[in-house]
Amino acid sequence: MAQPATIAEPTSLPDGHFSARFLDVTLHSAFQPIFRLVKGEPVLFACEGLARPFVDGLPITPHQFFSRLNPSELLEAEQILRQLHLRNARSLPHQAKRLFLNFDPGAMQSMHNIAGDIDLLVREMRASSLNPNDVICEIVEHRAFDTAVMKEYVYALRARGFIIAVDDYGSD
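Reading guide: rules and limits
Residues numbered from 1 in each chain as written. Predicted model: local features only at pLDDT ≥ 70, side-chain atom pairs only at ≥ 80, totals over all residues. Heavy atoms only, no water. Helix = DSSP H or I, 4+ residues; strand = E, 2+ residues; numbered from the N terminus. Expected span 1.5 Å × (residues − 1). Buried < 20%, exposed > 50% of the residue type's maximum accessible area, 1.4 Å probe, protein only. Contact = heavy atoms within 4.5 Å. Phe/Tyr/Trp six-rings, centres within 6.5 Å; stacked < 30°, edge-to-face > 60°. Lys NZ or Arg CZ within 6 Å of the ring centre and 35° of its normal. Lys, Arg positive; Asp, Glu negative; His and termini not counted. Salt bridge = Lys/Arg side-chain N within 4 Å of Asp/Glu carboxyl O. Disulfide = S-S within 2.5 Å.

*Asks:* Could you clarify how one ought to interpret helix α2 (residues 71-88) in this entry?
*Replies:* An α-helical segment advances 3.6 residues per turn. Residues three or four places apart therefore align on the same side. Its 18 residues give α2 an end-to-end C-alpha distance of 26 Å, which sits within 8% of 26 Å, the value for a rise of 1.5 Å per residue. For α2, the buried fraction is high: 16 of the 18 residues fall into the buried class.

Here it is as structure tokens:
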């Protein structure tokens with residue numbers, strides 16, 4: 001699948017991490033640790049990949065970044081961020097190799113995007129030595145562009161072995 005013109009291949013930084021350019025924004029990964037209790041003690045279980053956008057070297061909030069995107073740009077941004085998070089996850093501690101990745105239903109617009117998007121995800125996941133059951137696809141609490149497409153997307157992810165979660169379910 002050819003990369004859209006607005007997406008640059010992630011660039012390796014001197015510290016071994018990756019960043020990417022999207023439109024006029026430099027994107028970095030941040031990983032929020034997720035713990036579970038084992039015998040009453042918190043144990044690192046996974047990490048959630050989060051966007052850290054910068055414009056002209058200055059941080060902007062993820063909300064500022066995402067709110068400026070149209071639906072087709074949102075799909076491209078999601079693809080590059082998942083690619084970026086998977087590459088940067090290579091440096092996570094072994095016990096945190098489970099990775100939560102966000103999926104915005106608003107980016108799931110067309111049935112013809114599903115296979116290519118998931119193929120890209122699988123290629124990056126394998127290059128990062130992760131398996132589908134190590135990746136939790138977290139559907140965020142935004143309105144779906146097309147609920148039928150969103151359902152097919154989720155079914156296709158499950159068929160490839162990915163774990164599905166709903167972010168902040170019932171928080172409203």
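*Asks:* Where do I start with helix α3 (residues 111-127) in this structure?
*Replies:* Across its 17 residues, α3 extends 26 Å between first and last C-alpha, which sits within 8% of the 24 Å expected from 1.5 Å per residue. Looking at α3, one finds that the buried residues are Ile114, Gly116, Asp117, Ile118, Leu120, Leu121, Val122, Glu124 and Met125. Those residues of α3 that are buried are in contact with α2, β6 (98-103), β7 (135-139) and α4 (147-159). Just downstream of α3, serine 129 is the residue with a positive phi angle, here 60 degrees.

*Asks:* Even after reading the chapter, I still don't get the packing of aromatic side chains, so can you show me in this structure?
*Replies:* How two aromatic rings sit relative to each other is set out by the distance from centre to centre and by the angle between their planes. Taken as a whole, this structure holds 3 aromatic pairs when the rule is applied. Aromatic pair phenylalanine 22 and phenylalanine 65: ring centres 6.2 Å apart, planes at 85 degrees, arrangement edge-to-face. Placement of the pair is phenylalanine 22 in strand β2 (residues 18-22) and phenylalanine 65 in helix α1 (residues 62-67), with a sequence separation of 43 residues. Phenylalanine 22 sits in the buried class, given a relative accessible area of 0%. On the accessibility criterion, phenylalanine 65 (1% relative accessible area) is buried. Grouping aromatic residues by their ring pairs yields a cluster made of Phe22, Phe65 and Phe66. Against the face of phenylalanine 103 rests arginine 82, its NZ or CZ located 4.0 Å from the ring centre. Arginine 87 extends its terminal NZ or CZ atom over the ring of phenylalanine 18, reaching a point 5.6 Å from the ring centre.

*Asks:* Got a minute to help me understand the side chain of aspartate 134 in this structure?
*Replies:* Tracing the backbone shows aspartate 134 in the loop between α3 and β7. Within the buried set, aspartate 134 has no salt-bridge partner at all; the shortest N-O distance to an opposite charge, 4.7 Å, is to arginine 98. Setting aside residues no more than four positions away along its own chain, aspartate 134 makes contact with Lys97, Arg98 and Leu99.

*Asks:* What is the right way to look at the state of the cysteines in this model?
*Replies:* Put plainly, two cysteines are in a disulfide when a covalent bond ties their sulfur atoms together. Scanning the model with the defined rule gives 0 disulfides in all. Cysteine 47 forms no disulfide, and the closest cysteine sulfur to it belongs to cysteine 137, at a distance of 16 Å. On the basis of relative accessible area, cysteine 47 is assigned to the buried category, the value being 5%. By relative accessible area, which is 0% here, cysteine 137 ends up buried.

*Asks:* Which parts of the structure should I look at to understand the pattern of salt bridges?
*Replies:* This structure, assessed with the given rule, holds 5 salt bridges. Among the salt bridges present, the one from aspartate 24 reaches arginine 68, with a minimum N-O distance of 2.6 Å. Of this pair, aspartate 24 sits in the loop between β2 and β3 (25-38) while arginine 68 sits in the loop between α1 and α2, placing them 44 residues apart in sequence. A relative accessible area of 34% means that aspartate 24 is categorised as partly exposed. For arginine 87, the salt bridge identified is with glutamate 124, shortest N-O distance 2.9 Å. With a gap of 37 residues between them, arginine 87 in helix α2 and glutamate 124 in helix α3 connect regions that are remote in the sequence. You can call arginine 87 buried: its relative accessible area is 13%.

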